[in-house]
Amino acid sequence: MSFPNTIAGKYGWEKDETTDQRHPLGTTMTFVDGRRYKYVEVGGSNIEEGLLVASEAVVGNHDEDLVVATGASAGGTTVEVTLGGTAAAENLYKEGYIFFNLESPSNAYFYKIKSHPEIASSGSGVITIDEEDGFEEAIVAGTDKAGLIKSPYKDIIVAPAAVAGRFVGVTVRDLTAGSYGWVQTAGMSVAKIDGTPAVGTLVGASSNHAGQLLAVGADTTPAIARLHGKAGVDNEYHTVFLMNLD
């Protein structure tokens, strides 16, 4: 069964939340008024409406330089890698990515992950990729090194004041831990404001309060929205025009 990667939505669909997955993570939904959304899975904590959310920080024992325990021929779809000292739950990296960052010539390829079993701390597990043509080049056991990266839309969290992942969007309803739903990435929205920025001010992730938006200065994070309608009031919700999140 195939799924569209962009959905023409109807007003109100952005507030849908389910306990089961209905779309591939990262699916885009668009409205005729220019608003855009991404389909996400919520991490282990509830998230309030109107907050900036981000992907989780990468796992240091998974993100690079993993030993290839069993290689693969060109065109194959499975490879076995050995983790560092942190276990991986079954399909933690499903819809995420595996990449190879050395050592065979030109073998810096990046592949979508279809599935994998639970892998113990410092244990090995088979990664199956979701690409019908398989690996572009042979993967050499004991020589090539791999890294695993989760989908940025899996296990989203409130954007912390000290940014550890990438910004994903702004919540448009309260989201329950472990649920599936939508976050907004572009167009008119409502977000919680830190400080009192003037109308038209560029705002980005607050370094003071998790999930809030703060006026962008010379040395702060990049702008992801512009304040719309009226000046902001500290710790209140205001209309903003989202950008730079797709």
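Heads up: the structure comes first, above all this text.
As the structure is a prediction and not an experimental result, all values here were calculated from the model.

Novice: How should the pairing of strand β9 (residues 124–129) be read in this particular structure?
Specialist: Side-chain positions along a regular strand alternate between the two faces of the sheet. Burial along β9 is one-sided: Gly-125, Ile-127 and Ile-129 are buried, while Ser-124, Val-126 and Thr-128, pointing the other way, are not. Bridge analysis of strand β6 (residues 78–82) against β9 gives 5 bridges, and the strand direction is antiparallel. Bridging from a neighbouring strand, Thr-78 pairs with Thr-128 of β9.

Novice: When you look at the packing of aromatic side chains in this model, what are you seeing that I'm missing?
Specialist: When we look at a pair of aromatic rings, we describe it by the centre distance and by the angle of the planes. Across all of its chains, the model carries 9 aromatic pairs by this definition. Centre to centre, the rings of Tyr-97 and Phe-110 are 4.8 Å apart; their planes meet at 15°, and the pair counts as stacked. Residue Tyr-97 is found in strand β7 (residues 97–100), and its partner Phe-110 is found in strand β8 (residues 110–115); the two are separated by 13 residues along the sequence. Owing to a relative accessible area of 22%, Tyr-97 belongs among the partly exposed residues under this scheme. A connected cluster of aromatic rings, assembled from ring pairs, spans Phe-100, Tyr-109, Tyr-111 and Phe-135.

Novice: Where do I start with the pattern of salt bridges in this structure?
Specialist: Working definition: two side chains of opposite charge can pair if their charged atoms are close together. Enumeration according to the criterion identifies 8 salt bridges in this entry. When the shortest N-O distance is used, the salt bridge between Arg-173 and Glu-17 registers 3.3 Å. Here Arg-173, found in the loop between β12 (167–171) and β13 (180–194), pairs with Glu-17, found in the loop between β1 (6–8) and β2 (28–30); they are 156 residues apart in sequence, far enough to count as distant. Taking the relative accessible area as the measure of exposure, Glu-17 reaches 26% and is therefore partly exposed. Asp-20 serves as the salt-bridge partner of Arg-22, at 2.9 Å between the closest nitrogen and oxygen.

Novice: What is the right way to look at the nonpolar core in this model?
Specialist: The nonpolar side chains of a soluble globular protein tend to be buried, and buried together. Ranked by internal contacts, the top residues of the largest apolar core, which has 20 residues, are Val-79, Ile-98, Phe-100, Ile-127, Phe-135 and Leu-148. If you list the elements that add at least two residues to this core, you get β5 (66–70), β6, β7, β8, β9 and β10 (145–149). Core analysis: the next-biggest nonpolar cluster, separate from the first, contains 18 residues, Met-29, Val-40, Ile-156 and Val-172 among them.

Novice: I tried to follow the sheet that holds β8 on my own but got confused; where do I start?
Specialist: The sheet built from 6 strands closes into a barrel, its strands ordered β5-β6-β9-β8-β7-β10 with antiparallel pairing. Direction aside, the axes of adjacent strands within the sheet are offset by 50° on average. Alignment of β7 against β10, held across 4 bridges, turns out to be antiparallel. The residue bridging Phe-100 from the neighbouring strand is Ala-146, located in β10.

What counts, and where the lines are drawn
Residues numbered from 1 in each chain as written. Predicted model: local features only at pLDDT ≥ 70, side-chain atom pairs only at ≥ 80, totals over all residues. Heavy atoms only, no water. Buried < 20%, exposed > 50% of the residue type's maximum accessible area, 1.4 Å probe, protein only. Helix = DSSP H or I, 4+ residues; strand = E, 2+ residues; numbered from the N terminus. Pairing = 2+ DSSP bridges. Phe/Tyr/Trp six-rings, centres within 6.5 Å; stacked < 30°, edge-to-face > 60°. Salt bridge = Lys/Arg side-chain N within 4 Å of Asp/Glu carboxyl O. Core = buried A, V, L, I, M, F, W, Y, C linked by side-chain atoms within 4.5 Å. Axes fitted to C-alpha atoms, helices over the stretch in contact; angles between N-to-C directions.

Geometry only, nothing functional implied.
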